[in-house]
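# What the coordinates show
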Amino acid sequence: MPGYLLPLTPLTFSPFVFNSEGNECIIASAKHCGECIQAGAKCGWCKDPAFLKQGEAVSTRCDELQSLVKRGCNVDMIESPKGERKILRNKPVTNRKKGGEKLQPHEITQIQPQKLNLTLRSGEPQTFDLKFKRAEDYPIDLYYLMDLSYSMKDDLENVKNLGTSLMQKMSKITSDFQIGFGSFVEKTVMPYISTTPAKLLNPCTGDQNCTSPFSYRNVLNLTSDGKQFNTLVGQQQISGNLDSPEGGFDAIMQVAVCGNLIGWRDVTRLLVFSTDAGFHFAGDGKLGGIVLPNDGKCHLEDNVYTMSHYYDYPSIAHLVQKLSDNNIQTIFAVTEEFQPVYQELKNLIPKSAVGTLSANSSNVINLIIDAYNSLSSEVILENSKLPSGVTITYTSRCKNGVVNGGENGRKCSNISIGDEVTFSISVTSKGCPNEGMSDTIKIKPLGFTEELEITLNFICGCDCQKVGINKSPLCHSNGTYECGDCRCEDGHVGRECECSSNDVATEDMDRTCRKDNTTDICSNSGDCVCGTCECKNRDNPEERYSGQFCECDNFSCDRSGNKLCGGHGRCECRVCVCDLMWAGSACDCSLDNTTCMASNKQICNGRGTCDCGICKCTDPKFQGPTCEICPTCPGVCTEHKECVQCRTFGTGEKKDTCEKDCSYFTLIKVKDRDKLPQPNDAAYPVMHCKERDANDCWFYYTYAVNNNTVKEVHVVDSLDCPAGPDIIPIVAGVVAGIVLIGLALLLIWKLLMIIHDRREFAKFEKEKMNAKWDTGENPIYKSAVTTVVNPKYEGKC
């Protein structure tokens, strides 16, 4: 497919904004255009021969694009090459349904594009999109690697019928499925196995008949014949070893690197690792006297690993590399006891899964199907080693609008067959890697054979350098005239390469760099190069030294309002040159008197003078921009009474129109009258006011116009109302008085009655004592006793 260019953003200039942290273009102190453009993506080189002013160094040609334009360099004279992206192969992703057109694996496309050419400018990222779509009915190769130590005896019986059963299950996922089988035990050296002749023939105890121990054996190459799988697996015998951990890592390494012997195709590759024990890894070989690191190469002879006694176990990192290089996804089918161990191993191996194997491996088919679905539902991008100075970032746009960045930007999860996801990939270089030589990197989804190949080209120089004139007379034949200036050969310096570097520091040359025979060379603001001052650069591109002796600058002038020359002029050789209608050492004095014109068309209301656009009132009691305000004049309190009342208390005649009519002053509430501004304390006149509302309540406030001509009202936030009669105490007092008077009267009456009774009783007692009673019998008194005499009684006993 012919290549084509992606659209690039046109060169535009925005208003200049200075980065206070420093200008990388100026900091670079570039001596030629190539150095300049490598300093940063914002840097440009002005190749206009007349651009430099007296005293400016060649490095000042390198600056941010906006600054160069502002300093007078025409856009057409600026060298600032841009990177580009060119797609070389862009085959669309495959869209087909299961049972449709039969395609070979290499005819199926799951990533787009497939080949790119990027031209990188230092600091300028090049971004492109990578599509990924899971193809339906994609071929699968599955290799079953089984531990044949004695503890797996029961499991082997269930694996013998795995081929046809797994074929039936996988037919629902793909119509192109291959399966293979391999087994492992342990290294054939002590102390992993017993090396006695009898044990080498039969490592099992008792009457158990076991096969000789081995490290790894490829039993069946990948095939689509499930019955052949059952037949060959049915012929396998259990073996044995001494220690609990097994040599499974040796087997995994050989399965990964012996692709041609095992029959791996460029399709989805699954490795099922079935065991009920742990594993040996790099360093454990020392127990058997094996110290050579694993070389990561294929050593199968007659389908048997022959170098287990010679090379150590591979490390986990080594396995990760080989599994990734060969696009193999691993499924660890292990017993529940070792599930946590292999779960930790899974975290170290990308695109791997762990399933819990039943005691006799009866659930192995469902375990494989579940693990495959888990692995295939996630896509993770990885890239090959990057050149020095090149960085790459990923942003994923997954299903349901989910966007991830950072490390998660490499992956998307929960992807179903037919789903399409997009990754935004950005590649950035710093400087000029590989001395400008092109390089190639590859990006691919883990576990897939397809990949994106990217050729990186680096911009290390400018186009104007290609047409430079070597040994130019403009450079005294001591340099190359390029990009508007001389690039001197080694041993020569000066604007035109006119001096030898050995003569730079002579006294005669330094003398010409001193102003008025002072001791300061170039006013301590530059370097004397070949008898001419080259002024130093400053981080701020707006600030520059200039002049024959670097005695001038454009940043040391007077300031007003924290602005150089008040923002109304330019600084030339440390003196402000003011704009029209502005004067003063800092251009802060306006000569325009329209700001002093009052509404009556008089300057300052006839009460002051206009000085630098500001009224200075001759009568101190007047204030305001045009001396129109008199805060202490009679009537001020009455004028503002209604507005103060409505804004503070929500009452008064203007309470309905308060927001509209009374927003002309700033209201400040205080707690009591002592907090009000006092005339002697304020720096401006203050009027104290006392007004009464409709309820005969008093409120207190002050009115003033501060030095910023802002009207201020300070008001006490509580009313001072006259105290009315307190009804409750009065009623209570009356009631209490009546009760007390009644009680007093009762007590007096009672006292008088007691006194009267006592007097009467005393009088009675006295009369009683003085009375003389007759002792004779009362003639009308009749006794209550009647005496009767018995006539028969004679007085005898």
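From a predicted model like this one, the values you see are computed outputs, not experimental measurements. (Residues numbered from 1 in each chain as written. Predicted model: local features only at pLDDT ≥ 70, side-chain atom pairs only at ≥ 80, totals over all residues. Heavy atoms only, no water.)

## Brief notes about the overall build of the protein chain
Condition: A run of H or I in DSSP counts as a helix once it spans at least four residues, and a run of E counts as a strand once it spans at least two, with each numbered from the N terminus. Only C-alpha atoms enter the radius of gyration; for comparison, a globular chain is expected to reach 2.2 Å times N to the power 0.38, where N is the number of residues. With a 1.4 Å probe rolled over the protein chains alone, any residue whose accessible area is under 20% of its type maximum counts as buried; one over 50% counts as exposed, and the rest are partly exposed. Any two residues whose heavy atoms approach within 4.5 Å at even a single point are treated as in contact. Accessibility throughout is a Shrake-Rupley quantity obtained with a 1.4 Å probe, and a residue counts as covered only by protein chains that appear here. Counting rule for charge: Lys and Arg are taken as positive, Asp and Glu as negative, and neither His nor the chain ends is counted. For charged residues, the charge sits on one atom: NZ in Lys, CZ in Arg, CG in Asp, CD in Glu.
What the protein chain contains, in helices and strands, is 17 helices and 43 strands. Radius of gyration (C-alpha) of the protein chain: 54 Å, far over the 28 Å computed for a compact globule of 797 residues. Dimensions of the protein chain, computed from the C-alpha atoms along their principal axes, are close to 175 × 140 × 60 Å. Counting over 797 residues, the protein chain shows a buried share of 44%. Look at the contacts in the protein chain between residues 6 or more apart in sequence, and 62% of them connect residues 24 or more apart. Here the protein chain has roughly 42800 Å² of accessible surface; of this, 51% comes from carbon and sulfur atoms. Charge centroids of the protein chain, computed over 84 positive and 101 negative side chains, lie 7 Å from each other.

## Some remarks on the side chain of Lys187
Our working rule: Here a polar contact means two N or O atoms within 3.5 Å. Within protein one must be a hydrogen donor candidate and the other an acceptor candidate, and residues neighboring in sequence count only if both atoms are side-chain atoms.
Within the secondary structure, Lys187 is located in the loop between β10 (177-184) and α6 (197-201). Exposure remark for Lys187: the relative accessible area of 0% places this residue in the buried category. Of note is the side chain of Lys187, whose polar atom sits 2.8 Å from the side chain of Asp250. Apart from residues lying up to four places away in sequence, Lys187 is in contact with Tyr192, Ile193, Asp250, Ile290, Ser308, Tyr311, Asp312 and Tyr313.

## Some words on a nonpolar patch on the surface
Going by this rule: Exposure above 30% relative accessible area and the lack of any salt bridge qualify a residue for a patch; like charges then connect within 9 Å, and the nonpolar side chains Val, Leu, Ile, Met, Phe, Trp and Tyr within 5 Å. A pairing counts as a salt bridge when a side-chain nitrogen of Lys or Arg comes within 4 Å of a carboxyl oxygen of Asp or Glu.
Nonpolar side chains collect at one region of the surface, where Ile727, Ile728, Val731, Val735, Val739, Leu740, Leu743 and Leu746 lie side by side and expose about 790 Å² of accessible area between them. Residue position: Ile728 is located in helix α17 (residues 727-770). The exposure class of Ile728 is exposed, given its relative accessible area of 67%.

## Concerning the pattern of salt bridges
Under the counting rule described, the total for this entry stands at 22 salt bridges. Glu56 is paired through a salt bridge with Arg71; the nearest N and O atoms lie 3.9 Å apart. Of this pair, Glu56 sits in the loop between β2 (43-46) and β3 (62-64) while Arg71 sits in the loop between α3 (65-70) and β4 (78-79), and the two are 15 residues apart along the sequence. Glu56 gets classed as buried once you look at its relative accessible area, which sits at 4%. Put simply, Arg570 and Glu572 hold a salt bridge, and the shortest N to O gap is 2.5 Å. On the basis of relative accessibility, which here comes to 46%, the residue Arg570 falls in the partly exposed class. One connected set of salt bridges, linked through shared partners, spans Glu56, Asp63, Arg71 and Arg544.

## What to know about the environment of Leu348
Looking at where Leu348 falls in the secondary structure, it is placed in helix α11 (residues 339-348). Between the alpha carbons of Leu348 and Val320 there is a distance of 7.8 Å; along the sequence they are 28 residues apart. In this structure, Leu348 is in contact with Ile316 and Val320, ignoring residues within four places of it in sequence.

## Details of helix α12 (residues 364-376)
Put simply, the rule is: Multiplying one less than the number of residues by 1.5 Å gives the expected span of a helix.
Between its first and last C-alpha, α12 extends 18 Å over 13 residues, near the 18 Å set by a 1.5 Å rise per residue. Within α12 the residues assigned to the buried category are Val364, Ile365, Leu367, Ile368, Ile369, Ala371, Tyr372, Leu375 and Ser376. If you follow the buried residues of α12, they end up packed against β9 (140-147), α5 (162-170), β12 (268-275), β15 (328-335) and β16 (352-357).

## Examining the sheet that holds β3
Defined as follows: We call two strands paired when DSSP finds no fewer than two bridges between them.
Spatial ordering of the open sheet is given by β3-β2-β4, a layout of three strands whose pairing is antiparallel. Every other strand in the sheet has two partners, leaving β3 and β4 as the edge strands with one partner each. In this structure, β2 lies alongside β3, joined through three bridges in antiparallel fashion. Its bridge partner being in β3, Trp45 is matched across the sheet by Cys62.

## Observations regarding the sheet that holds strand β8 (residues 126-133)
As a general point, the strands of a sheet are linked pairwise by backbone hydrogen bonds and lie either parallel or antiparallel. Here five strands make up an open sheet; going across it, the order is β6-β8-β21-β18-β19 and the pairing antiparallel. The open sheet is flanked by β6 (111-112) and β19 (403-404), the only strands paired with a single partner. Direction of pairing for strand β18 (residues 390-397) relative to strand β21 (residues 420-429): antiparallel, over a ladder of eight bridges. Residue pairing in the sheet places Thr391 in a bridge with Thr428 of β21.

## Some details on the confidence of the model for the protein chain
Heads up, the rule is: The predictor reports its confidence for every residue as pLDDT, a score running from 0 up to 100.
Per-residue pLDDT for the protein chain has a mean of 84; in total, 93% of the residues score no lower than 70. Predicted confidence is poor over residues 1-20, with pLDDT under 50, and the contacts of this stretch with residues over four places away or in other chains come to 36 contacts.

## Section: the environment of Thr638
Residue position: Thr638 is located in helix α15 (residues 636-649). Residue Thr638 is classed as exposed on the basis of its relative accessible area of 56%. Taking the C-alpha atoms as reference, Thr638 lies 80 Å from Phe132; in sequence the two are 506 residues apart.

## Notes on unusual backbone geometry
Here the residue pair Gln112 and Pro113 is connected by a cis peptide bond, since its omega of 0 degrees sits within 30 degrees of zero. Mapped onto the elements of the fold, Pro113 is located in the loop between β6 and β7 (115-120). In this model, Met190 is joined to Pro191 through a cis peptide bond whose omega is 5 degrees. Considering the arrangement of structural elements, one finds Pro191 in the loop between β10 and α6. Positioned with a positive phi, Cys550 is a non-glycine residue whose angle comes to about 55 degrees. One can find Cys550 in the loop between β30 (545-546) and β31 (552-553). Despite not being glycine, Asp696 shows a phi value in the positive range, around 60 degrees. With respect to the helices and strands, the residue Asp696 is situated in the loop between β41 (686-692) and β42 (698-705).

## Some thoughts on the state of the cysteines
The following threshold applies: In plain terms, two cysteine sulfur atoms within 2.5 Å form what is called a disulfide here.
Tallied over the entire structure, the rule returns 26 disulfides. Paired through a disulfide, Cys557 and Cys571 show a sulfur-sulfur distance of 2.0 Å. Since a negative S-S torsion denotes a left-handed disulfide, the Cys557-Cys571 link at about 80 degrees is right-handed. Pair noted here: Cys557 is in the loop between β31 and β32 (559-560) and Cys571 is in strand β34 (residues 569-572), with a separation of 14 residues, a long-range link. In this pair, the class of Cys557 matches that of Cys571, namely buried.

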